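Results of the structural survey
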Amino acid sequence: MAARVTLYSRPGCHLCDDARTRIAAVCQELGEEYVEVSIDDDPDLQARFGEEIPVTFVDGRQHDFWRVDPDRLRAALARP
């Protein structure tokens with residue numbers, strides 16, 4: 001099963017740590033997968049997201065940035 005959620009983050013980011021915890025909990029609860037991508041490994045991602053991290057994508061579309069609302073993420077994952 002392909003991951004429906006992508007978290008763009010960077011090491012040492014406390015908001016990214018919070019987002020990861022919330023995303024992992026919701027994905028585990030719903031049986032979904034997520035992947036995490038460090039923007040520090042890609043200059044294009046650094047230019048695209050800069051200080052807007054963490055950024056969450058669901059099904060290839062930007063869902064959130066800075067904060068993850070677990071209820072909002074659950075609702076997005078409930079859609080086919």
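Presented here is a report on the structure given in the accompanying data block. Computed from a predicted model, the values in this text were never measured in an experiment.

Time to look at helix α3 (residues 70-78). Within the span of α3, buried status applies to L73, A76 and L77. What you see down the axis of α3 is that its buried residues fit within an arc of 95 degrees, all on one side. Residues of α3 that are exposed and point over 90 degrees away from its buried face: D71 and A78. Where α3 is buried, its residues contact β1 (5-9), α1 (14-30), β3 (55-58) and β4 (61-65). N-capping of α3 is provided by D69, with a side-chain oxygen placed 2.8 Å from the backbone N of D71.

A few words on the pairing of strand β2 (residues 34-38). Pairing of β1 with β2, which is carried by 5 bridges, proceeds in the parallel orientation. If you follow L7 over to β2, its bridge partner there is E36. You can see the chain leave β1, run along α1 and come back into β2, and the turn it takes is right-handed.

Okay, the packing of aromatic side chains next. Pairs of aromatic rings are described using the distance from one ring centre to the other and the angle between the two planes. All told, the structure shown has 4 aromatic pairs when counted by the stated rule. Between Y8 and F57, the ring centres sit 5.4 Å apart and the planes meet at 75 degrees, which makes this aromatic pair edge-to-face. Residue Y8 is found in strand β1, and its partner F57 is found in strand β3; the two are separated by 49 residues along the sequence. The same class applies to Y8 as to F57, namely buried.

Turning next to the pattern of salt bridges. Side chains that carry opposite charge are capable of pairing whenever their charged atoms lie near each other. Evaluation of the coordinates by the stated rule reveals 9 salt bridges. Between E29 and R74 there is a salt bridge, with the nearest N and O atoms lying 2.9 Å from each other. In this pair, E29 is assigned in helix α1 and R74 in helix α3, connecting sequence segments 45 residues apart. According to the relative accessible area criterion, R74 is partly exposed, its value standing at 26%. Here the salt bridges share partners, and the residues they tie into one network are R4, E32 and D59.

Attention now goes to the sheet that holds β4. Read from one edge to the other, the open sheet built from 4 strands follows the order β2-β1-β3-β4, with strand pairing classed as mixed. Every interior strand has two partners, whereas the edge strands, β2 and β4, have only one. Put simply, the sheet's adjacent strands are angled 25 degrees from each other on average, direction ignored. Of the pairings in the sheet, the one linking β1 to β3 comprises 4 bridges and is antiparallel in character. Its bridge partner lying in β3, T6 is registered against F57. The sheet contacts of α1 involve β1, β2 and β3, and relative to β1 the element is tilted by about 170 degrees. Packing of α3 onto the sheet brings it into contact with β1, β3 and β4, and relative to β4 it is tilted by some 170 degrees.

Cut-offs and rules
Residues numbered from 1 in each chain as written. Predicted model: local features only at pLDDT ≥ 70, side-chain atom pairs only at ≥ 80, totals over all residues. Heavy atoms only, no water. Buried < 20%, exposed > 50% of the residue type's maximum accessible area, 1.4 Å probe, protein only. Helix = DSSP H or I, 4+ residues; strand = E, 2+ residues; numbered from the N terminus. Arc of directions from axis to C-beta. Contact = heavy atoms within 4.5 Å. Polar contact = N/O pair within 3.5 Å; in protein donor to acceptor, adjacent residues only side chain to side chain. Pairing = 2+ DSSP bridges. Right-handed = clockwise from strand over helix to strand, strands pointing away. Phe/Tyr/Trp six-rings, centres within 6.5 Å; stacked < 30°, edge-to-face > 60°. Salt bridge = Lys/Arg side-chain N within 4 Å of Asp/Glu carboxyl O. Axes fitted to C-alpha atoms, helices over the stretch in contact; angles between N-to-C directions.

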